[in-house]
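Secondary and tertiary structure notes
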Amino acid sequence: MTKMVKIAPSILSADFARLGEEVRAVDAAGCDYIHVDVMDGHFVPNLTFGPPVIKCLRPVTKKPFDVHLMINPAQPYLQDYAEAGADIITVHVEADPHLDRSLQVIRSFGKKAGVSLNPGTPESAVEHVLDKVDLILVMSVNPGFGGQSFIPSQLKKIERLREMIGDRPIELEVDGGINAETAADVIAAGAKVLVAGNAVFGGGDYTDTIAALRPAAN
Ligand code: DX5
Ligand code: ZN
C-alpha cells in the first residue's frame, strides 16, 4: 500500500529568483510531481504566478506538473494552463458553480482533472463527480500560504474520501502542513500523494527532505 506514495514539492516555497534550478533540483532529488500553486488574490489572500511562468518551467523537467488553481473563476483560464504545460489541473469546488463541466473541459484537453476541497468543505461536495475526476486534493491548511500548521480534523475527511473512492482510479492528495510526522498520519488515513512546500524547500538537502516524507517501505 505505502509503496505508491508520491511526493509533490510545492514550488511556492522555492527561491523564485532561481525557480528553474529549484525545479531541476527537486526533480533530481526524486520527487514525483511538481506542485504549482496558482493564486489570484481573490479566492485566496495571496498572488503567485500564471501560465507564462509554467510555460517557462516546462522544458526544465519531464515530471508531471500538478497545477493547483486557487482562482475564481477558473473555467475561462483552463485552456491557458493546459497549453502552458500542466499535466494535472485541479480546481476548487468552492470556486466553481459548474464543477462537472470544468472537469470535462480539463479532460477534453487530454489532461488529468482534479478537484480540491478547503478544510471547511465536506467530502459530499465531490460525490457527484467521482466518475469524472482523476485526483482529489484535500487542503489541510486554509489555502493561500506555505508554512502553515496542519489541521488535524482533515484526517477523518481523508479516511472518508478513501472509503468513497473505493476502487476508482482516483489519486488522493493532501496539501498543507505536511512534514515527516503529519506525512505518516495522512498516509495512514489513505492519502497517496503528499504536497510539501516548506518541508522540502525549507532547509537541508532535497534528496533527504523528500526521502523523510516517504514511508520507510517505499
Ligand atoms: C497552500 C498551497 C500549498 C502550500 C503548501 O495554499 O496550496 O501547496 O504551498 O506549503 P506547506 O507544505 O509549506 O504547508
Ligand atoms: Zn497547493
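Going by the structure above, here's the rest.
The present account deals with the structure reproduced in this document.

Conventions and cut-offs
Residues numbered from 1 in each chain as written. Chains lettered and ligands numbered in written order. Predicted model: local features only at pLDDT ≥ 70, side-chain atom pairs only at ≥ 80, totals over all residues. Heavy atoms only, no water. Phe/Tyr/Trp six-rings, centres within 6.5 Å; stacked < 30°, edge-to-face > 60°. Buried < 20%, exposed > 50% of the residue type's maximum accessible area, 1.4 Å probe, protein only. Lys NZ or Arg CZ within 6 Å of the ring centre and 35° of its normal. 1 Å grid on protein atoms, 1.4 Å probe; cavity = no way out; pocket = protein on both sides within 12 Å on 5 of 7 lines; lining within 4 Å. Points joined across faces, edges and corners; volume = space filled by probe spheres on them. Nonpolar A, V, L, I, M, F, W, Y, C, P; charged D, E, K, R; others polar. Donors = N, O, S within 2.8 Å, 3.2 Å for Na, K, Ca; no water. Tetrahedral: all angles 85-135°; square planar, octahedral: opposite > 155°, others 65-115°. Helix = DSSP H or I, 4+ residues; strand = E, 2+ residues; numbered from the N terminus. Salt bridge = Lys/Arg side-chain N within 4 Å of Asp/Glu carboxyl O. Pairing = 2+ DSSP bridges. Right-handed = clockwise from strand over helix to strand, strands pointing away.

1. Description of the packing of aromatic side chains
Here the structure, examined in full by the defined rule, presents two aromatic pairs. The interplanar angle of 75 degrees and the centroid separation of 5.3 Å between the aromatic rings of Phe201 and Tyr206 together place this pair among those described as edge-to-face. With a relative accessible area of 9%, Phe201 lands in the buried category. Here Arg58 stacks its cationic end above the ring of Phe65, 3.8 Å away from the centre of that ring.

2. Notes on the layout of surface pockets
A water-sized probe rolled over the atoms picks out the places where empty space is left. Quantified by volume, the largest pocket comes out at close to 280 Å³. Taken together, 25 residues form the lining of the largest pocket, with Gly146, Gly147, Gly176, Gly177 and Gly197 sitting closest to its centre. Its residues assigned to classes, the lining of the largest pocket shows eleven nonpolar, twelve polar and two charged.

3. Let's talk about the coordination of the zinc ion (ligand 2)
Looking at the zinc ion (ligand 2), one finds its protein donor set to be His35 (NE2), Asp37 (OD), His68 (ND1) and Asp175 (OD), positioned 2.0 to 2.3 Å from the metal centre. Around the zinc ion (ligand 2), the six donor atoms sit at angles spanning 68 to 168 degrees, and that spread fits a shape best called octahedral. Read N to C, the donor residues that coordinate the zinc ion (ligand 2) are spaced as H-x1-D-x30-H-x106-D. Linking His35 in strand E2 (residues 34-39) with Asp175 in strand E7 (residues 171-175), this pair joins segments that are 140 residues apart in sequence. The class of His35 is buried, set by a relative accessible area of 0%. A relative accessible area of 8% means that Asp175 is categorised as buried.

4. Notes on unusual backbone geometry
Looking along the chain, the bond that leaves Asn72 and enters Pro73 is cis, with omega of 5 degrees. For Pro73, the position within the fold is in the loop between strand E3 (65-70) and helix H3 (78-84).

5. Focus on the pattern of salt bridges
Considering all chains together, one arrives at twelve salt bridges under this definition. The salt bridge partner of Glu22 is Arg18, with a shortest N-O separation of 3.8 Å. A salt bridge links Asp131 to Arg168, with the nearest nitrogen and oxygen atoms 3.0 Å apart. On the criterion of sequence distance, the pair formed by Asp131 in the loop between strand E5 (112-117) and strand E6 (135-139) and Arg168 in the loop between helix H5 (154-165) and E7 is long-range, its members being 37 residues apart. Note on Asp131: relative accessible area 61%, which makes it exposed. A single salt-bridge network, built from bridges that share partners, covers Asp15, Arg18, Glu21 and Glu22.

6. Things to note about the pairing of E2
Counted residue by residue, E2 has six buried out of six residues, so it is predominantly covered. Residues Ile34, Val36 and Val38 point to one face of E2 and His35, Asp37 and Met39 to the other, with burial holding for every one of them. With six bridges connecting them, E2 and E3 associate as parallel partners. Of the residues in E3, the one forming a bridge with Val38 is Leu69. With respect to chirality, the unit in which E2 leads through helix H2 (residues 51-57) into the neighbouring parallel E3 is right-handed.

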